[in-house]
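Report on the structure
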Amino acid sequence: MTGALSGGRTARTVVVAVVACVVGLLPGSGSVARGQREARLGVAYVCALSSGGTRQVDVAFDATFPGRGAVGKPIRPVAVAVRAALSRSVVAELLPEGTTSVGGTAAVVTTVAQGRERARAEWAELVSPEVRLPARGSVEVGFGGDVPHVTVGAEGDVTFTVGRLDLALDPRPTDTGAEPAPAARLSCTPARGADTLLATVPVAADPAGTSPVPDTGSAHPDDGASGSTPGDPRSDTPKGIDAGPLPRATTDKCPLDPPKGALDPKRLPSPPPGAEIGELEPTSMCAVPVGFATLRKLKSSAIVNDPRGSGSGARAARPGLMHLAMRVREVRAPDYVEYDHLGLMQLPDAEGTFLTFGFQPTTAKVRFEPEPATIVNIIRPGRPPVTEVGYRQHLRLYDVRVNGVPLDVGPRCRTSRPVDTVLTGNYPVSEGGLLQGELDIPALAGCGADGEDLDVLLSGAVSGPGNTLKIRQGRVCGAGSPCKVPELPAL
């Protein structure tokens, strides 16, 4: 009787750990979105053209800031977007004849101020996806990316003011075999009298010297935090304002050859009447997906593909890539363009440490065994683009330890059938954006060793519908290059 009771307690302990591990990597607090404040600002800029002369360009700024800050803790704007509205005359002056679309980069000089202190923060490497030029009228080119954090050493309001804006626009001709034209450059300053204050973040002292990091939704919430107490000579709290560079997670280089596989015909929409369908030679590209999985039964969340990586040195785990065969198929009809891509998730194994029942330390690992994903991107004039990502994968559980003692779940402990996943979002794949969907997790099978069957217990905790996924796909990068790791979405 005692032995049976002890085994049941052990199994239940493992179940709680498995639930947290099966869907992701590290436990999430569910507070990422709390205390955030969205900032929006429109500024008239005067831009000097590379060909000479000046033109006015209206620019819109969007970003999300923490609602409050703490001394010595990083403040990082996230979801930064810069949108420049270029008139038809400016487009004609800047871009060569025959240009059908445009992309490029932007850099913004931002002034961070607190009292009499001033610091310059460079918001550089903001990237625009390819934007098609309309037949007539103006065009809006949007740029986005990650920006540095700011740390202050005193109490008081911290202001973020936008300043000089530099744009580099890359024209894309209709003839893909034509010699690429050089980038058109715009150097812009705010018009006289323009309101350039983007955001104000109040910063309070930390009485205990260990206040929690302001909730920014950042992928690096602990960057710059010293954890030392006031008066400690080892304290690294800055004097004044530190607008430091953004520590970036790194990824492996995108493979040179596109992934092998075929599009799943069941996931492809029916083409419009009279559509032209073409099979293309795909290009190898990659992107980084990061986000949250939320388990309905536990009402808790976990980070998927932790953008911070883990470990150090040769054993460091990098954020995983989604390897893409871009443009396997193209479907065209009046007011309808569909690009179909093939993707292969390459997420690292998950490892989590948990205090089950509030005191029992438990660790476990999960291996993701995905099948190729079919990615459909539909573009219609006057409507938001639609992206749908559909794929299946097994989840395999291994290396379970309860209070440091191994619990053998066997080599074949995994979902009894693949987890079917469908995620949707409103963005072009090349740019990246937010995907959302629900998972129905199948029962687990093959779990246990030495005659102990853990299938029923594990399945009872893990299996079922209504488990949500919220994933941000980063911008694509080319073959042979590492990818930029996006910020986590708000939970």
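Higher on the page you've got the structure.
Residues numbered from 1 in each chain as written. Predicted model: local features only at pLDDT ≥ 70, side-chain atom pairs only at ≥ 80, totals over all residues. Heavy atoms only, no water.

1. Let's talk about the overall build of the protein chain
Helix and strand content of the protein chain: three helices and 30 strands. Expressed as a percentage of its 491 residues, the buried residues of the protein chain come to 48%. For the protein chain, the share of sequence-separated contacts (at least 6 apart) that also reach a separation of at least 24 residues comes to 74%. Total accessible area computed for the protein chain in this model is approximately 23300 Å², and 51% of it derives from carbon and sulfur atoms. (Helix = DSSP H or I, 4+ residues; strand = E, 2+ residues; numbered from the N terminus. Buried < 20%, exposed > 50% of the residue type's maximum accessible area, 1.4 Å probe, protein only. Contact = heavy atoms within 4.5 Å. Areas by Shrake-Rupley, 256 points an atom, 1.4 Å probe, with all protein chains shown as cover.)

2. Considering unusual backbone geometry
At Arg327, a residue that is not glycine, the phi angle is positive and equals roughly 60°. Relative to the helices and strands, Arg327 resides in strand β18 (residues 321–333). Phi is positive for Asp335, which is not a glycine, with a value near 60°. Secondary-structure assignment places Asp335 in the loop between β18 and β19 (336–346).

3. Details of the side chain of Asp62
Examined against the element boundaries, Asp62 turns out to sit in strand β3 (residues 54–66). Only 2.3 Å separates the side chain of Asp62 from the side chain of Arg83, close enough to count as a polar contact. Ignoring anything within four residues of it in the chain, the contact list for Asp62 reads Ala39, Arg40, Ala79, Val80, Ala81 and Arg83. (Polar contact = N/O pair within 3.5 Å; in protein donor to acceptor, adjacent residues only side chain to side chain.)

4. Structural notes on the environment of Glu431
By the secondary structure assignment, Glu431 is in the loop between β26 (419–425) and β27 (433–441). Sequence separation between Glu431 and Phe143 is 288 residues, and the spatial gap between their C-alpha atoms is 9.5 Å. With residues up to four places along the chain from it excluded, the contact list for Glu431 reads Pro129, Gly474 and Arg475.

5. Details of the state of the cysteines
Tallying each qualifying case throughout the model produces four disulfides. Linked covalently through their sulfurs, Cys413 and Cys447 form a disulfide whose S-S length is 2.0 Å. Because the sign of the S-S torsion sets the handedness, a value of about 80° for the bond joining Cys413 and Cys447 places this disulfide among the right-handed ones. Of this pair, Cys413 sits in the loop between β24 (405–407) and β25 (414–415) while Cys447 sits in the loop between β28 (444–445) and α3 (455–462); the two residues are 34 residues apart in sequence, bridging distant segments of the chain. The disulfide partner of Cys477 is Cys483, and the S-S distance across this bridge is 2.0 Å. (Disulfide = S-S within 2.5 Å.)

6. Points about the environment of Pro428
Within the secondary structure, Pro428 sits in the loop between β26 and β27. Overall, Pro428 belongs to the buried group, its relative accessible area being 19%. Sequence separation of Pro428 and Thr387 is 41 residues, and the distance between their C-alpha atoms is 6.7 Å.

7. A closer look at the pairing of β19
Taken across its 11 residues, β19 has nine buried, putting it largely inside the fold. In textbook terms, the turn of a hairpin is the stretch between consecutive antiparallel strands, and for β18 and β19 this stretch comprises two residues, one of which, Asp335, has a positive phi near 60°. Where β19 lies against strand β22 (residues 373–379), seven bridges are found, and the strand directions are antiparallel. Bridging across to β22, Glu338 finds its partner in Ile378. (Pairing = 2+ DSSP bridges.)

8. Some points on the environment of Val59
Tracing the sequence through the fold places Val59 in strand β3. Of the residues examined, Val59 reaches a relative accessible area of 3% and is grouped as buried. Expressed as a C-alpha distance, the spacing of Val59 and Leu86, which sit 27 residues apart in the sequence, is 9.1 Å. Apart from the residues lying within four places of it in its own chain, the contact partners of Val59 are Leu41, Gly42, Val43, Tyr45, Val82, Arg83, Ala84 and Leu165.

9. Description of the packing of aromatic side chains
In the structure shown here, the tally under the stated rule is two aromatic pairs. Between the aromatic rings of Tyr45 and Phe61, the centroid separation amounts to 6.2 Å while the plane-to-plane angle is 50°, which identifies the pairing as tilted. You can see Tyr45 sitting in strand β2 (residues 36–49) and its partner Phe61 sitting in strand β3, a full 16 residues away along the chain. Judged by relative accessible area, Tyr45 falls into the buried class, the value being 0%. Centre to centre, the rings of Phe65 and Phe160 are 4.9 Å apart; their planes meet at 55°, and the pair counts as tilted. One end of the pair, Phe65, is in strand β3; the other, Phe160, is in strand β10 (residues 156–173), and 95 residues separate them in sequence. In this pair, the class of Phe65 matches that of Phe160, namely buried. (Phe/Tyr/Trp six-rings, centres within 6.5 Å; stacked < 30°, edge-to-face > 60°.)

10. A word on a negative patch on the surface
A grouping of Asp408, Asp450, Glu452 and Asp453 is seen on the molecular surface, where their side chains present a negatively charged patch. Tracing the chain through its elements places Asp408 in the loop between β24 and β25. Judged by relative accessible area, which is 46%, Asp408 ranks as partly exposed. (Patch = residues over 30% accessible without salt bridge, like charges linked within 9 Å, V, L, I, M, F, W, Y side chains within 5 Å. Salt bridge = Lys/Arg side-chain N within 4 Å of Asp/Glu carboxyl O. Lys, Arg positive; Asp, Glu negative; His and termini not counted. Charge placed at Lys NZ, Arg CZ, Asp CG, Glu CD.)

The quantities given are spatial measurements derived from coordinates; they are silent on function.
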